[in-house]
There are 2 protein chains.
Amino acid sequence: MDYYKKSLELHEEHKGKLAIVSKVPLKTREDLSLSYTPGVAEPCKRIHKNPKDVYKYTNKGNMVAVISDGSAVLGLGNIGATASLPVMEGKAILFKEFGDVDAFPICLDTQDTEEIIKTVKLIAPSFGGINLEDISAPRCFEIEQRLINELDIPVFHDDQHGTAIVILAGMINALKITNKKLSDIKITLNGLGAAGTAVIKLLIKYGANSENILLCDSKGVIYKGRNNLSKIKNELAEITNTACHLGINNPECRTGGLVEAIKGADIFIGLSKPGLLTPDMVKSMSSEPIIFAMANPEPEIMPDLAKRAGAKIVATGRSDFPNQINNVLAFPGIFRGIFDAKITKITDDIKIIVAETIANYVVSPTCENLMPDILDRNVSKKIAEAIIQQNK
Amino acid sequence: MDYYKKSLELHEEHKGKLAIVSKVPLKTREDLSLSYTPGVAEPCKRIHKNPKDVYKYTNKGNMVAVISDGSAVLGLGNIGATASLPVMEGKAILFKEFGDVDAFPICLDTQDTEEIIKTVKLIAPSFGGINLEDISAPRCFEIEQRLINELDIPVFHDDQHGTAIVILAGMINALKITNKKLSDIKITLNGLGAAGTAVIKLLIKYGANSENILLCDSKGVIYKGRNNLSKIKNELAEITNTACHLGINNPECRTGGLVEAIKGADIFIGLSKPGLLTPDMVKSMSSEPIIFAMANPEPEIMPDLAKRAGAKIVATGRSDFPNQINNVLAFPGIFRGIFDAKITKITDDIKIIVAETIANYVVSPTCENLMPDILDRNVSKKIAEAIIQQNK
């Protein structure tokens, strides 16, 4: 079906996707006196006296800002703030639908790191949490870290951590099915933007052996001493592909491109570009390999092609194939949980409990049924409950 | 009745007053594919190609930012961004209820003029209009003017122009009733903050003779040469109280406080503080004087007291007396109209047509029935129609 044409029609028909509504009645003179002047003076005074009361008398505690500068939008790249608004409106209504979290899109007319940080800090009084979205690497790392440090509300870059959480969830179930251990398996990951970096960090945190991991960017395998590595890639080269630490002439040191890096891998994770993984590459992996081909909207390899080349499990971001791995399984429940538990920092422990909750939601995972249905609203509820339980 | 206690309860029960909702269905896999990925890529591409299409495919064109720094909140003064949030949420839901305009509260954690201007400009891509609220004078003047000049969406400081419009509307009807002409009457206005300054400018624009106007601030009457006048007060001293231009010893030159300035006035307009106008001052005015005592929540003089001292017409901001003059009669209809007519600058001509529309809405105004009922949703509709008609 033609999603693009129908989507245009839907957006034009409704003039966008979100609206603001009142939670209180505004029909009588008394209603106005309570919600506005003179009555509204009293909650204002209480908050002025005790700023924490803003969570009691306003919607701040349930309101997320969906912040983007439009620099890395879906598969579209750097299309700027205004053109990213349909995505941010979409994200906002998903928060509501799946987590009963209010969310509002703020598209920023700047791509300057300091200006973004400053602006988010200045508008923060209206919000209980910040969801950063579609901000390109490496700026997204500093923006997120600075905001986590400098704000007293939770800050979450969904492209990084939402993606990392749902991939870890899928991985947990893929390993259950294949009876493998995360610490033993060889992982090759392609694409070291915001998502790829966060995925690999969370996998290592959860027990993957960094010495079994090979990472590729658009120039090929990462190894210590490769020219022009960014700060974060340098850090990753320190812990992965460790044979190269003895020099690139060491026969165990892995260099070259994806075609070299994929050989013998148990798992391929792609957060890169459509079509980069060929059937021959899949055939060069270990037996019964697992493929997470997450490029949007076209994966690194189409599932049927990967299967024919011998893949045991194939997951993508697509709704028209089995094993759809989509952040919507995570972010609404995460904010529901941290709002209800009044948590201000989203730790690795929280990310892990969320991944485990999503994985365990599938009672008997199979090769064709790795993940919960993205339409199942109960996933968010279970995530929120798990976060509340963990942080009691 | 105890508005304050009941208002607290209402705010606590609902945890604030506004929520975000989806305008599109999100129940099926197809719904998600149209509103979010992959379908959403198409409206993004269209907007990237033609930025004006953001009005076609998103809610931008119906979305107002209600911006405050919390520096001059209602009768509460400088209580800061966080404590002002209940007022801004209230304003936002009034926009919706009376104008079907979506509005979102943005409370800014700064009171620096340049930072406010910069922040509003950076978040502007998400909004179709800016409503500045409760920002103290004189910063509000520069902030508004700069944003009007530097943004391509309408910017409106409601404390200034909303107040000026509803007072002009009341004045038009008060003059009808008393059969007086605006150009002939003597006006004394007390309080030269954001509202007072805008009121007097709009009255002059509409035909009041500035030589018949006396303006007071907390230090008394404004006249040319008075010490330490701000830029805007200096401008006003150039056109009012003109006898002082010949020197303060000129017997026609008016100096002193409100008690001196009110003598012989036909109309008193107060945008100042509770209780400043005494019955003796009312008695010193011309016969059958008109009193607009707009201080919130307590007026400069209570209506019954003013009536007993001889006032013919008394208007206040209060809902528990006749002649309630409240901005809610104006701002929802103004934004409804400028959004529908795709107007980017709110000119004096628009302000005047709005004031006339409000005044004319009352078919047979009387001393006790000067203004439309603030609960009457049709006022906003008529305002919007008048703006559209005027700008065809």
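Scroll up to find the structure this text is about.
Residues numbered from 1 in each chain as written. Chains lettered and ligands numbered in written order. Predicted model: local features only at pLDDT ≥ 70, side-chain atom pairs only at ≥ 80, totals over all residues. Heavy atoms only, no water.

Caption draft 1: Looking closely at the sheet that holds strand S8 (residues 220-221) of chain B. Residues and elements named next belong to chain B. Sheet architecture is open: 6 strands sit in the order S8-S7-S6-S9-S10-S11, paired in mixed fashion. Sheet topology places S8 and strand S11 (313-316) at the edges, where each strand pairs with a single neighbour. Taken strand by strand, helix H10 (residues 194-205) contacts strand S6 (187-190), strand S7 (213-217) and strand S9 (267-270), and its axis lies near 160° from that of S6. (Pairing = 2+ DSSP bridges. Helix = DSSP H or I, 4+ residues; strand = E, 2+ residues; numbered from the N terminus. Contact = heavy atoms within 4.5 Å. Axes fitted to C-alpha atoms, helices over the stretch in contact; angles between N-to-C directions.)

Caption draft 2: Spotlight on the packing of aromatic side chains. Summed over all chains, the structure comprises 11 aromatic pairs over all chains. A centroid spacing of 5.5 Å and a plane angle of 20° characterise the contact between Phe127(A) and Phe104(B), whose relative ring orientation is stacked. With Phe127(A) in the loop between helix H6 (113-123) and strand S4 (129-132) and Phe104(B) in strand S3 (residues 102-107), this residue pair bridges two chains. You can call Phe127(A) buried: its relative accessible area is 0%. Connected via pairs of aromatic rings, a cluster forms that spans Phe95(A), Phe156(A), Phe331(A), Phe335(A) and Phe339(A). The positively charged end of Lys91(A) is found above the aromatic ring belonging to Phe331(A), 3.9 Å away from the centroid. (Phe/Tyr/Trp six-rings, centres within 6.5 Å; stacked < 30°, edge-to-face > 60°. Buried < 20%, exposed > 50% of the residue type's maximum accessible area, 1.4 Å probe, protein only. Lys NZ or Arg CZ within 6 Å of the ring centre and 35° of its normal.)

Caption draft 3: A look at unusual backbone geometry. Residue and element names in this part refer to chain A. With omega at 5°, the peptide bond leading from Thr-37 into Pro-38 counts as cis. Inspection of the secondary structure puts Pro-38 in the loop between helix H2 (29-35) and helix H3 (41-49). A cis amide bond links Ala-137 to the next residue, Pro-138, at an omega of 0°. With respect to the element layout, Pro-138 can be found in the loop between S4 and helix H7 (139-150). For Asn-179, which is not glycine, the phi dihedral falls at a positive 60°. The topology assignment puts Asn-179 in the loop between helix H8 (158-178) and strand S6 (187-190). Even without a glycine there, the phi angle at Lys-342 is positive, about 55°.

Caption draft 4: Geometry of the interface of chain B and chain A. Listed per partner, the contact involves 97 residues of chain B and 97 residues of chain A. The largest share of the area that chain B buries against chain A comes from Ile20(B), Arg29(B) and Tyr36(B), three residues that together contribute 8% of it. Scanning the region where chain B abuts chain A turns up 8 salt bridges. The partner of Glu115(A) in a salt bridge is Lys118(B), and the shortest N-O contact between them spans 2.5 Å. Joining chain B to chain A, the criterion identifies 42 residue pairs in polar contact (both at pLDDT 80 or more). No other element matches the 11 residues that helix H6 (residues 85-99) of chain B contributes to the side of chain B that touches chain A. The pairing of strand S1 (residues 18-22) of chain A with strand S1 (residues 18-22) of chain B spans 5 bridges and is antiparallel. Residue pairing in the sheet places Ser22(A) in a bridge with Leu18(B) of S1(B). (Buried area = accessible area lost by both parts, 1.4 Å probe. Salt bridge = Lys/Arg side-chain N within 4 Å of Asp/Glu carboxyl O. Polar contact = N/O pair within 3.5 Å; in protein donor to acceptor, adjacent residues only side chain to side chain.)

Caption draft 5: Quick look at the side chain of Ser126(B). Positionally, Ser126(B) belongs in the loop between helix H7 (113-123) and strand S4 (129-132). Among the polar contacts listed, one links the side chain of Ser126(B) to the backbone nitrogen of Cys107(A), at a separation of 2.8 Å. When residues no more than four places from it in sequence are discounted, the contact partners of Ser126(B) are Leu85(A), Pro105(A), Ile106(A), Cys107(A), Lys60(B) and Met63(B).

Caption draft 6: Representation of the state of the cysteines within the structure. Scanning the entire structure with this criterion turns up 2 disulfides over all chains. Covalently, Cys244(A) is tied to Cys253(A) through a disulfide, its sulfur atoms 1.9 Å apart. Residues Cys244(A) and Cys253(A) share a disulfide whose torsion about the S-S bond is about 90°; that sign makes it right-handed. Here Cys107(A) is not disulfide-linked; the sulfur of Cys44(B) is the nearest cysteine sulfur, at 9.2 Å. Overall, the relative accessible area of 0% leaves Cys107(A) in the buried class. (Disulfide = S-S within 2.5 Å.)

Caption draft 7: Quick peek at the pairing of strand S10 (residues 290-293) of chain A. Residue and element names in this part refer to chain A. Side-chain alternation along S10 places Ile-290 and Phe-292 on one buried face and Ile-291 and Ala-293 on a second face that is also buried. Looking at chain direction, strand S9 (residues 267-270) and S10 are connected through 4 bridges and run parallel. Paired with Phe-268 across the strands is Ile-291, a residue of S10. Between the parallel pair S10 and strand S11 (residues 313-316), the chain is carried across by helix H13 (residues 303-308), and the sense of this crossover is right-handed. (Right-handed = clockwise from strand over helix to strand, strands pointing away.)

Caption draft 8: Structural context of the relation of the copies chain B and chain A. You can overlay chain B on chain A at an RMSD of 0.0 Å; the transform is a turn of 180° with a shift of 0.0 Å along its axis. In the structure described here, the two chain copies are related by an operation that fits a two-fold rotation axis. No C-alpha of chain B approaches the rotation axis more nearly than that of Ile20(B), which lies at 2.4 Å. (Least-squares fit on C-alpha atoms with pLDDT ≥ 70 in both.)

Caption draft 9: Broad picture of the packing of H6(B) against helix H15 (residues 331-341) of chain B. Residue and element names in this part refer to chain B. Two elements in contact, H6 and H15, have axes separated by 8 Å at closest approach and are oriented at 65°. With respect to H15, the axis of H6 lies roughly perpendicular. Between H6 and H15 the crossing geometry is right-handed. Taking contact as the criterion, the partners of Lys-91, Leu-94, Phe-95, Phe-98 and Gly-99 in H6 are, on H15, Phe-331, Pro-332, Phe-335 and Arg-336. Considered class by class, the residues forming the contact of H6 with H15 number 6 nonpolar, 1 polar and 2 charged. (Parallel < 35°, antiparallel > 145°, perpendicular 65-115°, else oblique. Left-handed = near helix turned anticlockwise from the far one by under 90°. Nonpolar A, V, L, I, M, F, W, Y, C, P; charged D, E, K, R; others polar.)

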